[in-house]
Amino acid sequence: CTTRCEVLDQPGLDVGIVEERYRQISALPLDDQPAAVIELVQESPELFIALRRCCFCGYCTATCQTHVLASDRMRDWRELFMRANYMPPDDSRLVMVDNEWHIFSAYRAVYGIGYPEFVSLPQAAEAGPGTVDTLFFPGCSLVSYTPHLVRAVGNWLTDAGIAWALSDECCGSPLMSAGLFDRAAALRQRVIDQMRAAGITRMITVCPGCGDEFSEYLEGTGIEI
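Residues numbered from 1 in each chain as written. Predicted model: local features only at pLDDT ≥ 70, side-chain atom pairs only at ≥ 80, totals over all residues. Heavy atoms only, no water.

Enquirer: Please set out the overall build of the chain residue by residue, giving values where relevant.
Expert: Assigned secondary structure in the chain consists of 12 helices and three strands. For the chain, the spread of C-alpha atoms along the principal axes amounts to about 55 × 40 × 30 Å. Buried residues in the chain amount to 44% of all 225 residues. Long-range contacts, defined here as pairs at least 24 residues apart, represent 71% of the contacts in the chain between residues at least 6 apart. As presented, the chain carries roughly 11,900 Å² of accessible surface, and 52% of it is formed by carbon and sulfur atoms. A distance of 2 Å separates the average location of the 17 positive side-chain charges in the chain from that of its 30 negative side-chain charges. (Helix = DSSP H or I, 4+ residues; strand = E, 2+ residues; numbered from the N terminus. Buried < 20%, exposed > 50% of the residue type's maximum accessible area, 1.4 Å probe, protein only. Contact = heavy atoms within 4.5 Å. Areas by Shrake-Rupley, 256 points an atom, 1.4 Å probe, with all protein chains shown as cover. Lys, Arg positive; Asp, Glu negative; His and termini not counted. Charge placed at Lys NZ, Arg CZ, Asp CG, Glu CD.)

Enquirer: Go over a nonpolar patch on the surface, please, and point to the residues and values.
Expert: A contiguous nonpolar patch, built from Leu94, Ile103 and Tyr145 and spanning about 290 Å² of accessible area, is present on the exposed surface. Mapped onto the secondary structure, Leu94 falls in the loop between α5 (70-83) and α6 (103-110). (Patch = residues over 30% accessible without salt bridge, like charges linked within 9 Å, V, L, I, M, F, W, Y side chains within 5 Å. Salt bridge = Lys/Arg side-chain N within 4 Å of Asp/Glu carboxyl O.)

Enquirer: Run through the nonpolar core, naming residues and quoting values.
Expert: Core analysis: the largest hydrophobic core is formed by 38 residues, its most contacted members being Leu8, Trp77 and Phe81. Of all the secondary structure elements, the ones that give two or more residues to this core are α1 (6-9), α2 (15-26), α3 (33-43), α4 (45-53), α5, α10 (173-177) and α11 (181-198). Looking at this core element by element, the count peaks at five residues for α5. Grouped together as the second largest cluster of nonpolar side chains are 17 residues, Ala165, Ile200, Met203 and Ile223 included. (Core = buried A, V, L, I, M, F, W, Y, C linked by side-chain atoms within 4.5 Å.)

Enquirer: Describe α5, listing the residues and the values that go with them.
Expert: In this model α5 runs 20 Å from its N-terminal to its C-terminal C-alpha over 14 residues, within 8% of the 20 Å that 1.5 Å per residue would give. Those residues of α5 that fall on the buried side of the exposure criterion are Ala70, Ser71, Met74, Arg75, Trp77, Arg78, Leu80 and Phe81. After α5 finishes, the residue Asn85 shows a positive phi value of roughly 65°. (Expected span 1.5 Å × (residues − 1).)

Enquirer: Tell me about the side chain of Arg188, and please be specific about residues and values.
Expert: In this structure, Arg188 sits in helix α11. Judged by its relative accessible area of 3%, Arg188 is buried. There is a polar contact of 3.2 Å between the side chain of Arg188 and the side chain of Tyr217. Apart from the residues lying within four places of it in its own chain, the contact partners of Arg188 are Cys171, Gly172, Met176, Glu213, Phe214 and Tyr217. (Polar contact = N/O pair within 3.5 Å; in protein donor to acceptor, adjacent residues only side chain to side chain.)

Enquirer: Which residues make up the sheet that holds strand β3 (residues 202-205), and what values do they have?
Expert: The three strands are arranged β2-β1-β3 in an open sheet whose pairing can be described as parallel. With one partner strand each, in any of the chains shown, β2 (164-166) and β3 form the two edges of the open sheet. Here the average twist between neighbouring strands, direction ignored, is 25°. Judged from the three bridges that link them, strand β1 (residues 134-137) and β2 form a sheet pairing that is parallel. Each bridged residue has a counterpart across the sheet, and for Leu135 the counterpart in β2 is Ala165. Across the sheet, helix α9 (residues 147-159) touches β1, β2 and β3, and the angle it forms with β2 is around 165°. Along the sheet, helix α12 (residues 208-218) contacts β1 and β3; its crossing angle with β3, the most-contacted strand, is approximately 160°. (Pairing = 2+ DSSP bridges. Axes fitted to C-alpha atoms, helices over the stretch in contact; angles between N-to-C directions.)

Enquirer: Pulling in residues and values, what's your account of the packing of aromatic side chains?
Expert: This model, assessed by the stated rule, comprises 10 aromatic pairs. Taking 4.8 Å as the distance between ring centres and 90° as the angle between the ring planes, the aromatic pair formed by Tyr107 and Tyr145 counts as edge-to-face. On the criterion of sequence distance, the pair formed by Tyr107 in helix α6 and Tyr145 in helix α8 (residues 140-145) is long-range, its members being 38 residues apart. A relative accessible area of 30% means that Tyr107 is categorised as partly exposed. On the basis of relative accessibility, which here comes to 38%, the residue Tyr145 falls in the partly exposed class. An aromatic cluster is built from Tyr22, Phe48, Trp77, Phe81 and Tyr86, whose rings are joined through pairwise contacts. (Phe/Tyr/Trp six-rings, centres within 6.5 Å; stacked < 30°, edge-to-face > 60°.)

Put into structure tokens, the structure is as follows:
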């Protein structure tokens, strides 16, 4: 698994080390864990750097025969780092994608990127059921950096006779990278609430990460991805 990931392979680490050190620290009383994290970072800065570089892609254990989900463990580490004050919230302001302004919305504003020709998810939610039945969720990178592709897909959906709306929201992955898991969950729930208000029964994603993040939350909602 490890050789699939340059984040772990370059410093000579592996998933087993990541798991072992986490189990050692998580077994401690909660009040003792931040001090143990600080000690770990001082002893093994290369491990801290690798854990912070991880973007939860899951590639390292995508074919793991024992079904280890390394990306889930990496998120657990972010929570430990937050509690040890190694990830102050102010350091993550640019990726707080649940705010009005963040790195993606600011980029779109600066370069005049928008999609007024398409029905937005908030508009569909305000109109109520009957206007659209499908949500196109490109993800924060695609919707910001490649508007020509977003329009190409949008026009293809329209030509296929699909009644759809567009969301320029993020799945919350940048918030999770900053250890802000509750805020990421609230952001996803906000999107789902708007989908329900609009009567949407299908969500089309491009980014596999977006699909993974929403799949758990859409179980039992009647909305398919």
